[in-house]
Amino acid sequence: MADLLDVGFIQAVFGDGEAPEGASPVLQILSVKKINSASSASSGVVDRYRAILSDGEYFGQAMLAVNLNPLIDSKEIDKFSIIKLRSYTTNAVQGRRLLILLEFDILESVYNEKIGEAVNIEHAVANGTVSRAPAGNANAAPKAEPKGRAGGAGPGPARGGARQGGGKDVGPLFPIESLSPYQNKWTIKARVSAKSEIKHWSNQRGDGKLFNVTFMDESGEIRATGFNEQCDNFYDLLEEGKVYFVSRARINIAKKQFNNVNNEYEIAFERETAIEPCDDASVPQIKYNFKRVDELADLNKDDMCDIIGVVREVHDLSSVTSKATQKPFAKRDIQIVDQSGQAVRLTLWGKQAESFAHDDSPVIAFKGVKVGDFGGRSLSMFSSATMSVNPDINEAHALRGWYDSAGRNTQFNAYTSTMAGRSDNSAPRLNELKTIGEAKDENLGMRDKTDYFTTAAVVAFIKSENFSYPACANPDGCNKKVIEDGNGTYVCDKCDKHWPEPIHRYILSMNCMDHTSSFWITAFNEVAEKLLGISANDLWKLKEGGDEQQFQSYFTKAAGRSYTFEMMAKQDSYNEQVRVRYTCRKAGIPDFVAESAYLSQQIALFNI
DNA sequence: CCCCCCCC
């Protein structure tokens, strides 16, 4: 039985041998496992698989190029499958030999037993049964050329109008997957799947400019950066969608926290870097892994995903100021819909927001957008995200046909319409609310960022002390606190103006409760005025007038009422104690009729 | 050498 497999291959690759040129050994897969690197779990990038491969005598670890993932997802290969390797590459990382599978034929998709009694090649190397060649030799070019390279730009002099090279020492062609800092003679042939704007930076360490591109080939993807001079050299040359030979650049360890491209490493262009255009169409086009709009509900906040849909709404360009950097950012929201009947908001930033000018309901494919939880689910573009307007792909054609015939007149279910940020006349569903207990259990507001949630609660008690502050009377809405200057006027630091009288505004502190818990929340002017039914300034005057009973009546009258509160929870330190500050952004009167109808519907469904 | 991906 063991003669089914090509004994000797694993030892040759992982141990002391050299696999024969163009070897296409038959091997058995002993296991396939998804690699859950910390980064991929949260960033939602393409999965990466590792397989244990046996030749009947030894087994060793292999990585699968990501374009083979569908074979695993569809179970075409699984434990005990038998494959005939067509192309692969090897790589040494930190003293360990790594085999990367690029292409293979499936001889037996389903096979029900392990062939032979293969032992771990790493153990054999460790205990000296098998000797290992110096690691340097392992940094070899692919042992077998991946097929499908029209023009055949393999190692050595290029054929078929490929690489010029110009006598430069550029090294053999490598799959992106096999690049590592431990080798320096390599060339990749890759398509630019994304290209950033030029970014200028300035910090304590200096200033400069840079741009990023993402390269992809049949094996994987890698991010590359050109700083300063290299930014000048290569920015115009590299175009999104085109294919290039890239060589003589530095490979660095990628800082995954800043990089959503699925590679442990990244490329830094250097002075010596050679980049040449290539017209090889066989290098794969951008691959999408689309989620339907309604499937976004299944993803986590901060996941990355690809989405395709019809742009149903384009909102005006606006500007927001980043809390972190105080810098303004251009922003534009659009709404995306698809056949699921679900709509989602997608936010464009910067140049992409400014230059977006498609008001004719185009189909757009987005790659690498970030999932947010604002209003249930929302999407936001990264600078590394790409969008392709009316792409010539099946999904786009299907969407076009659907939208033009039926979709255009569909009532869409919007994530945003039923939750925080919705229009005033629609109430949130009960299942979209958080109880106060849940908000606390989930530690909302305990992270660096502000959390938003909606809760249904009863006002238990409103503090009548310190219910307001004297605010700047500037009619432009400064609203900043003013201080009495001793001459009978009130001074605003921000406006640098003196006012004979301030205008009082609310900072109302109230205790709210539901069936799970209670919390203290702060309501500012608009919300508080709605709850108390009087402006802060009038209430202040009432208090100054000395009618304590009437003054108090506003507070007691407002207690005991139910509201749907749109809340924000944010970390705050007060007297060196870290706590969560809950602020009410909006208070709505619950639609009890709609809630009852919804509940009876749920009960009916439950009883089926 | 950047590394922010923002706002409600």
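This is a predicted model, so every value here is computed, not measured. (Residues numbered from 1 in each chain as written. Chains lettered and ligands numbered in written order. Predicted model: local features only at pLDDT ≥ 70, side-chain atom pairs only at ≥ 80, totals over all residues. Heavy atoms only, no water.)

Colleague: Please give an account of the overall build of chain A that cites residues and values.
Modeller: Along chain A, the regular secondary structure elements total 13 helices and 32 strands. Each of the 608 residues in chain A was classed as buried or not, and the buried ones make up 48%. Contacts spanning at least 24 positions in sequence make up 63% of the contacts within chain A whose residues lie at least 6 apart. (Helix = DSSP H or I, 4+ residues; strand = E, 2+ residues; numbered from the N terminus. Buried < 20%, exposed > 50% of the residue type's maximum accessible area, 1.4 Å probe, protein only. Contact = heavy atoms within 4.5 Å.)

Colleague: If you had to explain the protein's contact with DNA strand B to someone new, which residues and values would you point to?
Modeller: Lining the immediate environment of DNA strand B, one finds 28 residues, of which Lys199, Arg223, Phe329, Lys331 and Lys370 sit closest. When atoms of DNA strand B within 4 Å of the protein are sorted by moiety, sugar and phosphate together comprise 41%. Here a base nitrogen of DNA strand B and a side-chain polar atom of Arg223 are 2.6 Å apart. Glu266 is positioned with one of its side-chain polar atoms (N or O) 3.1 Å from a base nitrogen of DNA strand B. (Near = heavy atom within 4 Å. Polar contact = N/O pair within 3.5 Å; in protein donor to acceptor, adjacent residues only side chain to side chain.)

Colleague: Provide a residue-level description of the nonpolar core, including the pertinent values.
Modeller: Membership of the largest hydrophobic core comes to 35 residues, with the highest contact counts inside it found for Tyr506, Leu508, Met510, Ile521, Leu532, Leu539 and Phe565. If we skip the residues at most four places from it in the chain, Leu539 touches Phe467, Tyr506, Leu532, Ile534, Phe551, Tyr554 and Phe555. Judged by nonpolar contacts, the second largest core, of 27 residues, contains Ile29, Leu68, Leu101 and Ile121. (Core = buried A, V, L, I, M, F, W, Y, C linked by side-chain atoms within 4.5 Å.)

Colleague: Could you give me a rundown of the sheet that holds strand β28 (residues 497–499), with the residues and numbers involved?
Modeller: Spatial ordering of the open sheet is given by β26-β27-β28, a layout of three strands whose pairing is antiparallel. Bordering the open sheet on either side are β26 (483–484) and β28, each of which pairs with just one other strand. Inspection of the sheet shows β26 paired to strand β27 (residues 490–492) by two bridges, in the antiparallel sense. Residue pairing for β27: Glu484 is matched across the bridge by Tyr490. (Pairing = 2+ DSSP bridges.)

Colleague: Can you explain the side chain of Asn120? Please cite residues and give values.
Modeller: Take Asn120: it is sitting in strand β6 (residues 119–120). At a separation of 2.9 Å, a polar atom in the side chain of Asn120 contacts the main-chain amide nitrogen of Glu122. Once residues lying within four places of it in the same chain are set aside, the contact partners of Asn120 are Tyr58 and Phe59.

Colleague: Hey, could you go over unusual backbone geometry for me, with residue numbers and the actual values?
Modeller: Positive phi, normally seen in glycine, also occurs at Arg248, with a value near 55°. Position of Arg248 relative to the elements: it lies in the loop between β12 (243–247) and β13 (250–253). Located in the positive-phi region is Asn466, a residue other than glycine, with phi close to 50°. Summarising the element assignment, Asn466 is placed in the loop between β24 (451–462) and β25 (468–471). When its relative accessible area of 68% is taken as the criterion, Asn466 is described as exposed.

Colleague: Tell me about helix α11 (residues 536–545), and name the residues and values.
Modeller: Within α11, burial applies to Ala536, Asn537, Leu539 and Leu542. On its buried face, α11 sits against β25, β29 (503–513), α10 (525–532) and α12 (548–558). Looking at the residues trailing α11, positive phi occurs at Gly546, about 95°.

Colleague: If you had to explain helix α8 (residues 394–405) to someone new, which residues and values would you point to?
Modeller: With twelve residues, α8 extends 17 Å from end C-alpha to end C-alpha; this agrees with the ideal 16 Å at 1.5 Å per step. Looking at the packing, one finds that the buried side of α8 touches β17 (304–314), β19 (328–337) and β21 (363–372). (Expected span 1.5 Å × (residues − 1).)

Colleague: Explain the packing of α11 against α12 to me, using residue names and the numbers behind them.
Modeller: Axis angle and axis distance: for two packed helices, these are the angle between their axes and the distance between the axes, and together they describe the pair. Running from amino to carboxyl end, α11 crosses α12 at an angle of 140°, the nearest separation of the two axes being 8 Å. Relative to α12, α11 is oriented oblique. Facing Leu539, Leu542 and Lys543 of α11, the residues of α12 in contact are Gln550, Phe551, Tyr554 and Phe555. (Axes fitted to C-alpha atoms, helices over the stretch in contact; angles between N-to-C directions. Parallel < 35°, antiparallel > 145°, perpendicular 65-115°, else oblique.)

Colleague: Give me the lowdown on the side chain of Arg223, citing residues and values where you can.
Modeller: Mapped onto the fold, Arg223 is located in strand β11 (residues 221–227). Every residue in contact with Arg223, bar those within four places of it in the chain, is listed here: Asn212, Val213, Thr214, Phe258, Asn259, Val261, Glu266 and Ile267.

Colleague: Any chance you could break down the pattern of salt bridges for me, citing the residues and the numbers?
Modeller: Pairing of side chains with opposite charge becomes possible as their charged atoms draw close. Using the criterion set out here, one finds 22 salt bridges in the structure. Residue Arg86 pairs with Asp105 through a salt bridge whose shortest N-O separation is 2.9 Å. Taken together, the residues span a long stretch of sequence, with Arg86 in strand β4 (residues 82–93) and Asp105 in strand β5 (residues 96–108) at a distance of 19 residues. A relative accessible area of 35% means that Arg86 is categorised as partly exposed. Connected through salt bridges with shared partners, the residues Arg292, Asp294 and Glu295 form a single ionic network. (Salt bridge = Lys/Arg side-chain N within 4 Å of Asp/Glu carboxyl O.)

Colleague: Pulling in residues and values, what's your account of the packing of aromatic side chains?
Modeller: If you walk through the whole model with that rule in mind, you get 19 aromatic pairs. On the numbers, 6.3 Å between centres and 70° between planes, the contact of Phe215 with Phe269 is edge-to-face. Highlighted residues: Phe215 in strand β10 (residues 206–216) and Phe269 in the loop between β14 (265–268) and β15 (274–278), separated in sequence by 54 residues. Assigned by exposure class, Phe215 and Phe269 land together as buried. Their ring planes at 85° and their centres at 6.4 Å tell us that Phe453 and Tyr582 sit as a pair that is edge-to-face. Here Phe453, found in strand β24, pairs with Tyr582, found in strand β32 (residues 577–588); they are 129 residues apart in sequence, far enough to count as distant. Summarising the burial analysis for this pair, Phe453 and Tyr582 share the class buried. Cluster of aromatic residues (ring-pair linked, three or more members): Phe211, Phe215, Phe234, Tyr235 and Phe269. Taking NZ or CZ as reference, Lys195 lies 3.8 Å from the ring centre of Tyr235, over its face. (Phe/Tyr/Trp six-rings, centres within 6.5 Å; stacked < 30°, edge-to-face > 60°. Lys NZ or Arg CZ within 6 Å of the ring centre and 35° of its normal.)

Colleague: I'd like to hear about the environment of Val13, residue by residue, with values.
Modeller: Relative to the elements of secondary structure, Val13 occurs in helix α1 (residues 9–14). On a C-alpha basis, the gap between Val13 and Arg97 in space is 7.9 Å, while along the polypeptide they are 84 residues apart.

Colleague: Quick one: what's the story with the state of the cysteines, residue by residue and with numbers?
Modeller: Overall, the coordinates contain zero disulfides when judged by the stated rule. Cys512 takes part in no disulfide bond, and the closest cysteine sulfur, belonging to Cys584, lies 7.6 Å away. (Disulfide = S-S within 2.5 Å.)

Colleague: Could you give an account of the pairing of β14, with specific residues and numbers?
Modeller: Side chains Tyr265 and Ile267 project from β14 onto one buried face, and the interleaved Glu266 and Ala268 project onto a second face that is buried too. Pairing of β13 with β14 involves four bridges; the strand directions are antiparallel. Residue pairing across strands places Asn252 opposite Glu266, the latter belonging to β14.

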